[in-house]
Amino acid sequence: VDFISEPYGWTRIRPGGGFLRGIIDEPFLAHWTMKDGWARSAELPGVRIPEGAFMGTAGVAPSHAQLKEWTAREAEVVKRGGLAQLPDPEDAVPSTGPIAHEGLRTVPPRENGGNMDIKNLTKGAKLFIPVAVDGALFSCGDAHYAQGDSECCITAIEMGATVDVRFALHKQKAAEENIKFPRFAHSGMFAEAKWAAPANFIATIGLPLDDDGVNQPEDVTLAARNALLNMIDLLAARGWSRTQAYAICSVAMDLRISSIVNAPNVVVSAILPEGIFE
C-alpha cells in the first residue's frame, strides 16, 4: 500500500561477495542521502538515483517438510561444488537451539518467497505466495530505495523503511492450480515511465565466451557477467573507478535477457539510463 523511506542509505562492495566476486574484490562504501525523491552520494559525485522503494525480502514461513527438503537440496549443491550457505549458528538469531543449527539461511529466495530482490514490487504491487503453514507468518525486510535488475554488487541502496501492506487470502488457489512459486502483478507503472523504460540510455551486451575465448553454449550467467564487465569498462572510460562503476550498476543498471534461442550464443544486455548523471 505504501512505503515510508528513511533519509539515509548505503551501498557497499564486500570482498568475496557479489556477482563479480574474484574479479572486483576491492571494498567500497557509498553513503546516500535521500531527499525529494532522489538519492545522492558524495562517493559517486554527479549521480542521482530516482526513488523506487521496495522490500527486497518478502515471504511466508516454510513447512517442516519444505525445511527438510530445501536443506537437503542445498547440501547437495555444496556437495557438487556449487555455492550455497548451509545452517550455521554464527549469525543466527537466536544463536542457539534448533533455529541456529537447522534453520535455512535467508540469503537465497525459495518457493516461499524471501530475498527475491524484485524491484517491480513497488507501491501498488501485488505479491502472491503459496501458504504452507497456518497463519502464513508473513515477514518482510531488506528495504531498498532503488536497485537495478540484478543487484550485481550484492547491495542496492539499502535503507530503513516502514511498509504498509494489505492481505487477502485466496483459499486453496495454489493447491487447485498447482502454483508452487510466487507470482506478482502491478496494475500501474512500477516506476515513472522514463525510468521503467528509459528513453535515453547506454547499453552493452554479453555473449557466453569465457576468458580464454571459448564458447560456453547457452550459458546465460556467463553472458550476463560479460555484459556487466563491458558496462563497467564503458563507465571506466568516462572516468569512474571500477568499484564506483560496479556500485552504479548495482543500483541503476538492468541486466536483461535479449535473446535465448540463437544457440550457441545467448545475448544478455546491460542497460543504464543516462538520466542518472547530473
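Use the structure listed above.
Every value quoted in this text rests on a predicted model; they were computed, and no experiment measured them.

Some details on the sheet that holds strand E13 (residues 267-273)
Judged by pairing direction, the sheet is antiparallel, and its three strands sit side by side in the order E11-E13-E12 without closing on themselves. One side of each edge strand has no neighbouring strand; the edge strands of this open sheet are strand E11 (201-206) and strand E12 (254-259). Strand-to-strand twist across the sheet, computed as the mean angle between neighbouring axes with direction ignored, equals 30 degrees. Direction of pairing for E12 relative to E13: antiparallel, over a ladder of five bridges. For Leu255, the partnering residue across the bridge sits in E13 and is Ala270.

Here we look at the nonpolar core
Trp32, Ile49, Leu235 and Leu272 are the most contacted members of the largest nonpolar core, which has 49 residues in total. Among the secondary structure elements, those contributing two or more residues to this core are strand E1 (2-13), strand E2 (28-35), strand E3 (38-41), strand E5 (54-59), helix H5 (220-237), helix H6 (242-252) and E13. The leading source of residues in this core is H5, at eight residues. Filtering out sequence-adjacent residues up to four positions away, Leu272 remains in contact with Phe201, Ile202, Met231, Leu235, Ile248, Ala252, Met253 and Phe277.

Details of the pairing of E2
What you see with E2 is a clean split: Phe28, Ala30, Trp32 and Met34 sit on the buried side and Leu29, His31, Thr33 and Lys35 on the side with no burial. Of the pairings in the sheet, the one linking E1 to E2 comprises six bridges and is antiparallel in character. For Gly9, the partnering residue across the bridge sits in E2 and is Trp32. Inspection of the sheet shows E2 paired to E3 by four bridges, in the antiparallel sense. What sits directly across from Met34, in E3, is Ala39. Between the end of E2 and the start of E3, which pair antiparallel, lie two residues, with Asp36 showing a positive phi angle near 55 degrees.

Section: the packing of aromatic side chains
In the structure shown here, the tally under the stated rule is three aromatic pairs. With a centroid separation of 5.9 Å and an interplanar angle of 80 degrees, the aromatic rings of Trp38 and Trp195 are classed as edge-to-face. Taken together, the positions of Trp38 in strand E3 and Trp195 in helix H4 (residues 193-196) put the pair 157 residues apart, joining distant regions of the chain. Comparing Trp38 with Trp195, the two get one shared label, buried. Ring plane angle 75 degrees and centroid distance 5.2 Å describe the contact between Phe138 and Phe167, whose orientation is recorded as edge-to-face. With Phe138 in the loop between strand E7 (125-128) and strand E8 (139-144) and Phe167 in the loop between strand E9 (158-164) and helix H3 (173-177), this pair connects stretches of sequence that are 29 residues apart.

Some remarks on a nonpolar patch on the surface
A cluster of nonpolar side chains, contributed by Tyr8, Trp10 and Leu29, occupies part of the molecular surface with about 280 Å² of accessible area. Considering the arrangement of structural elements, one finds Tyr8 in strand E1. Overall, the relative accessible area of 40% leaves Tyr8 in the partly exposed class.

Reading guide: rules and limits
- Residues numbered from 1 in each chain as written.
- Predicted model: local features only at pLDDT ≥ 70, side-chain atom pairs only at ≥ 80, totals over all residues.
- Heavy atoms only, no water.
- Pairing = 2+ DSSP bridges.
- Helix = DSSP H or I, 4+ residues; strand = E, 2+ residues; numbered from the N terminus.
- Axes fitted to C-alpha atoms, helices over the stretch in contact; angles between N-to-C directions.
- Core = buried A, V, L, I, M, F, W, Y, C linked by side-chain atoms within 4.5 Å.
- Buried < 20%, exposed > 50% of the residue type's maximum accessible area, 1.4 Å probe, protein only.
- Contact = heavy atoms within 4.5 Å.
- Phe/Tyr/Trp six-rings, centres within 6.5 Å; stacked < 30°, edge-to-face > 60°.
- Patch = residues over 30% accessible without salt bridge, like charges linked within 9 Å, V, L, I, M, F, W, Y side chains within 5 Å.
- Areas by Shrake-Rupley, 256 points an atom, 1.4 Å probe, with all protein chains shown as cover.
- Salt bridge = Lys/Arg side-chain N within 4 Å of Asp/Glu carboxyl O.

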